[in-house]
Amino acid sequence: MKKPSCQEILICTMREMLEKRSFEKITVQDILAETDISRTTFYKHFTCKEQLLIQTFEWLWAQAGTTRVQVPGLYGFELRFLHLVCDNASLMKRAWEVPDFVRYLEGFFRDALLSFSPPRCGEDRRGTFLAASMTAVLMDVCKRYIEAPRRAEAGRLAADVQRLFTAMSAAFEEDGDAA
């Protein structure tokens, strides 16, 4: 059996600590005391606790990808994210209070949207507008969902986001200036 790396231990500790208290009340010293990992080793892997929080999310995202049925497109992406919120509700609620994490998540959504966009999107101001608009929609939907996660609604919300994205993409493809 493989021994967990220091990075994995720190990520798991951050996850456990966020289940119990707010991010701002967790210090690097608290994390180190919980793990018996040195300050030097911590800073070898992470520049700050915000980066550890982002890596914790990325680890959870990777785990959600291996345990869920893979559905292609934005619907699958959104559904996977909403299920991740349900599985880690208190952690995600506390993470959402961290400005660096919210900025990271905006970039995460924007990058995902660009990968689902029609080929021309993202190459001009209309594509940039589409990505920015849909990122705002995703951030709003997810913020509301994080405040009250309900697994039963995840499919409907993901389908609504997919329909809006498809309609906006089609409008840009048909007549970008009119969109």
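Look up: the structure comes first, before these words.
Procedures and definitions
- Residues numbered from 1 in each chain as written.
- Predicted model: local features only at pLDDT ≥ 70, side-chain atom pairs only at ≥ 80, totals over all residues.
- Heavy atoms only, no water.
- Helix = DSSP H or I, 4+ residues; strand = E, 2+ residues; numbered from the N terminus.
- Buried < 20%, exposed > 50% of the residue type's maximum accessible area, 1.4 Å probe, protein only.
- Contact = heavy atoms within 4.5 Å.
- Areas by Shrake-Rupley, 256 points an atom, 1.4 Å probe, with all protein chains shown as cover.
- Core = buried A, V, L, I, M, F, W, Y, C linked by side-chain atoms within 4.5 Å.
- Phe/Tyr/Trp six-rings, centres within 6.5 Å; stacked < 30°, edge-to-face > 60°.
- Salt bridge = Lys/Arg side-chain N within 4 Å of Asp/Glu carboxyl O.
- Axes fitted to C-alpha atoms, helices over the stretch in contact; angles between N-to-C directions.
- Parallel < 35°, antiparallel > 145°, perpendicular 65-115°, else oblique.
- Left-handed = near helix turned anticlockwise from the far one by under 90°.

Asker: I'd like to hear about the overall build of the chain, residue by residue, with values.
Answerer: The helix and strand inventory of the chain stands at nine helices and zero strands. Traced from its N-terminal end to its C-terminal end, the chain shows the element sequence α-α-α-α-α-α-α-α-α. Split into buried and exposed, the 179 residues of the chain put 43% on the buried side. Long-range pairs, those at least 24 residues apart, make up 70% of the contacts in the chain with a sequence separation of at least 6. Total accessible area on the chain stands at roughly 9700 Å², and carbon and sulfur atoms take up 54% of it.

Asker: Go over the side chain of Thr135 with me, naming the residues and quoting the values.
Answerer: As for its position among the elements, Thr135 is in helix 8 (residues 125-147). The residues contacting Thr135, other than those within four sequence positions of it, are Glu106, Phe109, Arg110 and Leu113.

Asker: Residues and numbers for the nonpolar core, please.
Answerer: Counting 55 residues, the largest nonpolar core has Phe57, Phe81, Met92, Phe101, Leu105 and Phe109 as the members making the most contacts within it. Mapped onto this core, the elements with two or more residues apiece are helix 1 (6-20), helix 2 (28-35), helix 4 (49-67), helix 5 (73-87), helix 6 (89-95), helix 7 (99-116), helix 8 and helix 9 (151-175). For Phe101, the contacting residues outside a window of four places in its chain are Leu53, Ile54, Phe57, Met92, Ala95 and Trp96.

Asker: Please set out the packing of aromatic side chains residue by residue, giving values where relevant.
Answerer: This structure, assessed with the given rule, holds 16 aromatic pairs. An angle of 90° between the planes, with centres 5.1 Å apart, marks the rings of Trp61 and Phe108 as edge-to-face. Note that Trp61 is positioned in helix 4 and Phe108 in helix 7, a separation of 47 residues in sequence. Residue Phe108 is classed as buried on the basis of its relative accessible area of 16%. Judged by centre distance (6.2 Å) and plane angle (35°), the ring pair of Phe101 and Tyr104 falls under tilted.

Asker: Describe the pattern of salt bridges, with residues and values.
Answerer: Applying the stated rule across the entire model yields nine salt bridges. Of the charged contacts, one joins Glu153 and Arg150 as a salt bridge, the two residues approaching to 2.8 Å between their closest N and O atoms. A salt bridge links Glu153 to Arg156, with the nearest nitrogen and oxygen atoms 3.4 Å apart. Residue Glu153 and its partner Arg156 are both found in helix 9; the two are separated by three residues, about one turn of the helix. Arg156 sits in the partly exposed class, given a relative accessible area of 46%. Within this structure, Arg150, Glu153, Arg156, Asp160 and Arg163 form a network of salt bridges that share partners.

Asker: Pulling in residues and values, what's your account of the packing of helix 5 against helix 8?
Answerer: One can describe the packing of helix 5 onto helix 8 by two numbers: an axis separation of 10 Å at closest approach and a directional angle of 30°. Between helix 5 and helix 8, the angle is such that the two are roughly parallel. In this structure, helix 5 crosses over helix 8, and the sense of that crossing is right-handed. Here Leu74, Glu78, Phe81, Leu82, Val85 and Cys86 of helix 5 lie close against helix 8, whose contacting residues are Met134, Leu138, Val141, Cys142, Tyr145 and Ile146.

Interpretation in functional terms is not warranted from these geometric data alone.
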